[in-house]
Structures are given as structure tokens and as C-alpha cells.
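Residue-level structural notes
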Amino acid sequence: MYILGINAYHADSSAAIFKDGIMIAATEEERFTRVKHWAGFPALAIQFCLREAGVTLGEVDYITIGRDPKAKFMNKLNYLRKNPSLVFGAFKRYRNSKEVTSLEHEFKKIDPAVDYTLLKDKIKNIEHHRSHLASAFFASPFETSAILSIDGSGDFTTTMIAVGRGNKIEVLDSVDFPVSCGLFYTAFTQFLGFPHYGDEYKVMGLAPYGEAKYTDKVKQVLKFLPNGLYTWHDEYFVQPTKAGFKYENNIPSVGNLYSSRFVQAFGEPRKNNEPLSQYHKDLAASVQRVTEELIFYILKHLRERTGLDNICIAGGVAQNSVANGKVAEATGFKGVYIPSAGHDAGISMGSALYYYNHDLGKPRVPAIYSAYTGSRFSNEEIETFLRSRNIKYRRLEDAALFDIVTDKLIEPGVVGWFNGRAEFGPRALGARSIIADPRNPKAKDLLNLKIKRRESFRPFAPSILKEYSGEYFSKTDEVPFMEKVFPIKPEKQADIPAVTHVDGTGRLQTVDQQVSPRYYALIEAFRKKTGVPILLNTSFNENEPIVNSPAEALDCFLRTQMDMLVLENCVIERADNA
Ligand SMILES: [Fe+2]
């Protein structure tokens, strides 16, 4: 049985395909369109999934779409009754949604031969947050677990709590749009001068430079409710629908969410290029702290209510790796699972899993610990490509390759590492990564100078051989997707300055030999030479979506000052191609 899941007409549109419950391919549309957070119809991602599965659109048994326009219909009407000025906008959106849901047109573009009358019956709408819940729980190793979905918004919900048992998910409660933990964080992100969709991680990176001095003040905009959920005080926010969610040219954007009352409370918003003051850093620290308190408040109640030991988390807020790293300690949950695509790209995967397990009642399949479900290229394809571009390269066996790559890292050099199938989700995990020596105190400056040119306060992350994580970190949980930040042991911080954030933490990836054999072997080669089982790992891109193909990797290499590029077994040196 083939199920194609899609996230369409929403930020981070994506597709995932399952054969008998096993995910055989999944990818974001942005990797093909080369537009970050692409929010249109995931036509190229769908075509990729079909190719990987070796089936046509007509041969797919079900197509699940992670959106349900009918969800919470009465709540939506009530919201409009209370906010009559928004009726026109809502009507416009409804009309647009009728247009965008012309799926026949989209599917026919992919396969003109497909019989849409047959295909139509295979299309199933799965509500947004149920898709998030399923993307975490049904991919987790847990037979029973509490589940939290928490994001900006989707299908008029912003937070949903549930229990998963076997192949069923039971929703316990939810928070209605517009009250939203995600939008609360977005409002402060915008206020702090980071206006783009998805900029929240910058506030998270900035927070450790400040002191959480203003938590009481920040908390005033929210209200923690006795039922374990929350609301907010409307006067601090512009109604999000009024502020404007836009998908112009398929690029998502959100208008300013902070109101004049908000400005009264927190002062003038930071202008885009205004230097970051201590106040901005302290405010970032306070917002991060309050967000953590809110997440832990919800989770503690959920744990009491369910009496369960495991928690699965998804939704945009589940990308807050700093909060994720503290969940076990702060809430008492013992097992914590967060999927590689915890954000909206995971909706494609989650909608398919929800339909397969919950709706069709199919048995659970093994837990997902690998994010490597994206594009792949053979050495032969890569060689043909390099020759077509007149690029000088050498093709080496693995052992010789790892030797020269680790020498280059130690030199110190920066290496583009393109290996196996691309990752599904926002983190590079050793398939489309730029790597450097974590011992080099200047590596961060080197990377920012040569390639990334990003804000200097943002940290770089460590990939560590799983067996050694307890030696370097004060916690030893598995972190396959860089989804948690843990404290680095104080005595180890000076050994790996390039991946130690200002507060002594690191957003680690525990590298498992079974899951990532080649990346594991490369880090092991580095360990043998240096005694350090860690590499600095950052995404392979330069202000663009992560590279997907050898052509994009080569262009990024040629455009920047990376020292070496590795495409599978082919090595391209800067000196040979100057
Ligand atoms: Fe979402």
C-alpha cells in the first residue's frame, strides 16, 4: 500500500511517501524551488517521492493532505462574530482557499494521464495538528505516550494535547487561534528586529547573551490557565489575521503582531540594522525563559493527567531545541521523542501516518531515527556532472577520502560534505553539511568570513559519536536530529570552543553508526587523529535552502571560500579550481 502525504499551501510545503507504513522518501519543496519555507503546492517534492517509490500518481492508494478547512468551523464563526472587521479578510481567504484547493489542476500538471475522478476518492484531509501529533507519536519508539503539538497556528488550532496508544491518538484538549505560544514568540522576534518568517531561532541563539530580567513583565502578556493550557491578553497583540499572513510568490510572511500596548510595555521595537543592546539580549533571554516555563507548565499538567512516562512533541515550537533539552528534567517525562521535521514540513509525513495507523487501523512500524529520506546521487552521476563543468577532482576510496578530509579540517580548513540522501527537516545531519574542526577557537569566525556571513551571536553545532556523548555532555539522551541542546561539561568546553555556545551548551547530534555509517566513519577518523570524537556541523548553504544536488553544492563551493568540497567519493580542492 502506497500513501503519499503532502503539506500544501502552508509554509514549508513538503511530500512524503510510505510503502506499507514505511517512509521511503520525504522532502521539502524548498529544496527544489530554492525558495526558503516555500508555501505553495509541493509538485516537485511529490514527483521526487513518486520516482523514489517507482510508482505513478494513479498507482498511489491514498493521498493525505495535512489540512482540513472544516476543522473547528463553529469556533471560526464565533471568532468572526467577535471580530466583525475581519470578516472581509476571512471571505478573501475562503475564496483563495477555494482556488488553492483546485487540486485537480495541480495533480494533472504532475501527471496529465491521471484519472482525476478516481484520484479524488483517494484524497483524505487530515487536520493540521493531528498530523503534527502523528508525525511525532507514530514515528516514536513508544507504545504509549502523551503528545503535544504546539506551533504558530494551523486549522484554527495553535496547541493540542493528546494521548497515543498503539495505533490510536486520542485528542484531550486544544487552544484556539489566535492565542498561540508560537505567535507569542514571533511577536517578540519581530519586536527584536528579526522580521522574516522562521527567524525565531535567532532569538533563541541570542538569549544566552542576556539575563532573564524581564520574565515577570513578559509573562504579563500571557495567562497560564488552571487546566494546564493558556491564553493571552489580546491588547498586546494585533489580531494575526489583521496583521496579515501572506504567501506572496509562495514565500510566507507575517505582519507585525505586536500592538501599541505592547510597545508601551516594552519600548520602541528594534530597527532591522540597529545594534543589539543589552536590553534586547535581556528581553530575548526573558522571552525564551517564559516560553520554556509555558511549555513545561503544559507538559507537567499533561503528565499528571495521563500518568504516562513518555512524551512526543511536534509543531514549530518543537524546534526550540533549548527548551527540548530541558523537558525531561523539568517535567518528569522519561522518554522524549521529537521528529526530524517537527515543523510544518512534517505535516506531510504526519498526515500519512495518521491515516495509515489511526484511520486504517494498521499496526505500528519501527521507530524513525533516520532523517535521510531526500535526494541522492551516485558517484557516476557526480563524475558525469563534474566533467560537464570541467571541474578538476579526484575519486577516492572511503579510507583515503576520510584521511585527506580530516587533514584538511585540522589544517584548519572548511569542507563541504555531501553524502548519501539529503535530510528531511531543517537540520543538516552529515548528509548536506559544512564541517570544521570544533577545537579551533577561530572556526566560527572562519565560517562566518568564508561562507555563512550570519549574525555573530549564533552558535555552531557539534556532531558527536553517540558512544562519547556522556564524556562531553552532562546528559546522555539520544539526539539523532539535533533537536535538543544540552550543557557541555565545564571541563570539556575549552577543548571544543567552536561548538560551545556562550552559556556552555551545545545543540548536539548523536551520530549512530547504524544510521549514518559514512559520517560516523569520518568523525571516527578525526577522533583517531585528534582524540576528539566531534565535528562542527552546519548546514550546507549560504542564505538559501540547504543544497540538494551536486550542482547546488558546487555552486555554493565556487561562490564562497570553502577549502574543499566532497561529493560522495569525489574530492574537489579549492587550489585545483581557483
Ligand atoms: Fe504547524
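Heads up: these notes are all about the structure in this document.

Rules and cut-offs
- Residues numbered from 1 in each chain as written.
- Predicted model: local features only at pLDDT ≥ 70, side-chain atom pairs only at ≥ 80, totals over all residues.
- Heavy atoms only, no water.
- Pairing = 2+ DSSP bridges.
- Helix = DSSP H or I, 4+ residues; strand = E, 2+ residues; numbered from the N terminus.
- Axes fitted to C-alpha atoms, helices over the stretch in contact; angles between N-to-C directions.
- Contact = heavy atoms within 4.5 Å.
- 1 Å grid on protein atoms, 1.4 Å probe; cavity = no way out; pocket = protein on both sides within 12 Å on 5 of 7 lines; lining within 4 Å.
- Points joined across faces, edges and corners; volume = space filled by probe spheres on them.
- Nonpolar A, V, L, I, M, F, W, Y, C, P; charged D, E, K, R; others polar.
- Donors = N, O, S within 2.8 Å, 3.2 Å for Na, K, Ca; no water.
- Tetrahedral: all angles 85-135°; square planar, octahedral: opposite > 155°, others 65-115°.
- Buried < 20%, exposed > 50% of the residue type's maximum accessible area, 1.4 Å probe, protein only.

1. Overview of the sheet that holds strand S2 (residues 14-19)
Taken together, five strands build an open sheet; the order of strands is S3-S2-S1-S4-S5 and the sheet is mixed. Both outer strands of the open sheet, strand S3 (22-28) and strand S5 (123-125), are each paired with one neighbouring strand and no more. With direction set aside, neighbouring strand axes in the sheet form an average angle of 20°. Helix-sheet contacts for helix H15 (residues 346-359) involve strand S1 (2-7), S2, S3, strand S4 (62-65) and S5, and the interaxial angle to S1 is about 140°.

2. Topic: empty space enclosed by the protein
Within this structure, the stated rule accounts for two cavities of 30 Å³ or more. Taken as a whole, the largest cavity holds about 100 Å³ of empty space. What lines the largest cavity is simply Ala318, Gln319, Ser321, Ile338, Pro339, Ser340, Gly342, Pro426, Arg427, Phe481, Met482 and Glu483. By residue class, the composition of the lining of the largest cavity is six nonpolar, four polar and two charged. In this model, the second largest cavity occupies a volume close to 90 Å³. Lining the second largest cavity we find Tyr369, Ala371, Tyr372, Glu478, Pro480, Gln509, Thr510, Asp512, Val515 and Ser516. Per-class residue counts for the lining of the second largest cavity are five nonpolar, three polar and two charged.

3. Concerning the coordination of the iron ion
The protein atoms that coordinate the iron ion are His128 (NE2), His132 (NE2), Asp151 (OD) and Asp344 (OD), at distances spanning 2.1 to 2.2 Å. Bound by four donor atoms, the iron ion shows angles of 88 to 165° at the metal and therefore irregular coordination geometry. All donors of the iron ion come from a single chain, and their spacing in sequence reads H-x3-H-x18-D-x192-D. Pair noted here: His128 and His132 are both in helix H7 (residues 128-137), with a separation of four residues, about one helical turn. Among the residues examined, His132 registers a relative accessible area of 0% and is labelled buried.

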